[in-house]
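Observations on chain architecture
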Amino acid sequence: MMKGIIDGCLLSIIGENEVYGYELAKKLEAYGFESFSEGTIYPLLLRMQKENLVTSTQRKSTAGPKRKYYSLTTKGEKELQLFKERWLTLQENVNRVITHNSLDN
């Protein structure tokens, strides 16, 4: 389940602005996802790129080697919207369970 959630979070961050891998790791950390390093994120980005959810471009960096910046494709934008819809439904259902507020009440 966490895999799908992290994928959605990455799509959401990338959807805000083009971003490079290290920056993604830092943004996830700022949102409270401390256990996700660059080493965890890059394989996810590679898979997302193969699935045509994100695209990348290399740009010069002011400090060091070129950086690969990621942005959403049209398919990635659609997947992000689907993730948001699924997340809201999941959130509502989990809230009902933990508050013992079934649809039958």
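Everything quoted here is computed from the prediction, not taken from an experiment.

Membership of the largest hydrophobic core comes to 22 residues, with the highest contact counts inside it found for Leu-10, Leu-11, Ile-14, Leu-24, Leu-28, Ile-41 and Val-54. Looking at this core, the elements with two or more residues in it are α1 (2-16), α2 (21-30), α3 (38-50), β3 (67-72) and α4 (74-98). Here this core gets seven residues from one element, more than from any other, and that element is α1. Filtering out sequence-adjacent residues up to four positions away, Leu-28 remains in contact with Cys-9, Leu-10, Ile-13, Phe-33, Phe-36 and Ile-41.

Quick look at the packing of aromatic side chains now. In this structure the tally under the stated criterion is two aromatic pairs. Both rings, one in Tyr-20 and one in Tyr-69, keep their centres 5.3 Å apart while their planes meet at 70 degrees; by these two values the pair is edge-to-face. Of the two residues, Tyr-20 is situated in strand β1 (residues 19-20) and Tyr-69 in strand β3; the sequence distance between them amounts to 49 residues. The exposure classification of Tyr-20 matches that of Tyr-69, with both residues buried. Between Phe-83 and Trp-87 the ring centres are 6.4 Å apart and the planes differ by 20 degrees, which places this aromatic pair in the stacked class. In this pair, Phe-83 and Trp-87 both sit in helix α4, four residues apart, roughly one turn of the helix. Here the guanidinium or amino end of Arg-59 rests over the ring plane of Tyr-69, the centre of that ring lying 4.9 Å away. Here the basic side chain of Arg-67 rests over the ring of Tyr-20, its NZ or CZ set 4.2 Å away from the ring centre.

Further remarks concern α2. All of the buried residues along α2 are Gly-21, Leu-24, Ala-25 and Leu-28. Within α2, the buried residues cover an arc of 100 degrees as seen down the axis, which keeps them to one side. Where α2 ends, the next residue or the one after it, Gly-32, has phi of about 105 degrees, a positive value.

What counts, and at which threshold
Residues numbered from 1 in each chain as written. Predicted model: local features only at pLDDT ≥ 70, side-chain atom pairs only at ≥ 80, totals over all residues. Heavy atoms only, no water. Core = buried A, V, L, I, M, F, W, Y, C linked by side-chain atoms within 4.5 Å. Buried < 20%, exposed > 50% of the residue type's maximum accessible area, 1.4 Å probe, protein only. Helix = DSSP H or I, 4+ residues; strand = E, 2+ residues; numbered from the N terminus. Contact = heavy atoms within 4.5 Å. Phe/Tyr/Trp six-rings, centres within 6.5 Å; stacked < 30°, edge-to-face > 60°. Lys NZ or Arg CZ within 6 Å of the ring centre and 35° of its normal. Arc of directions from axis to C-beta.

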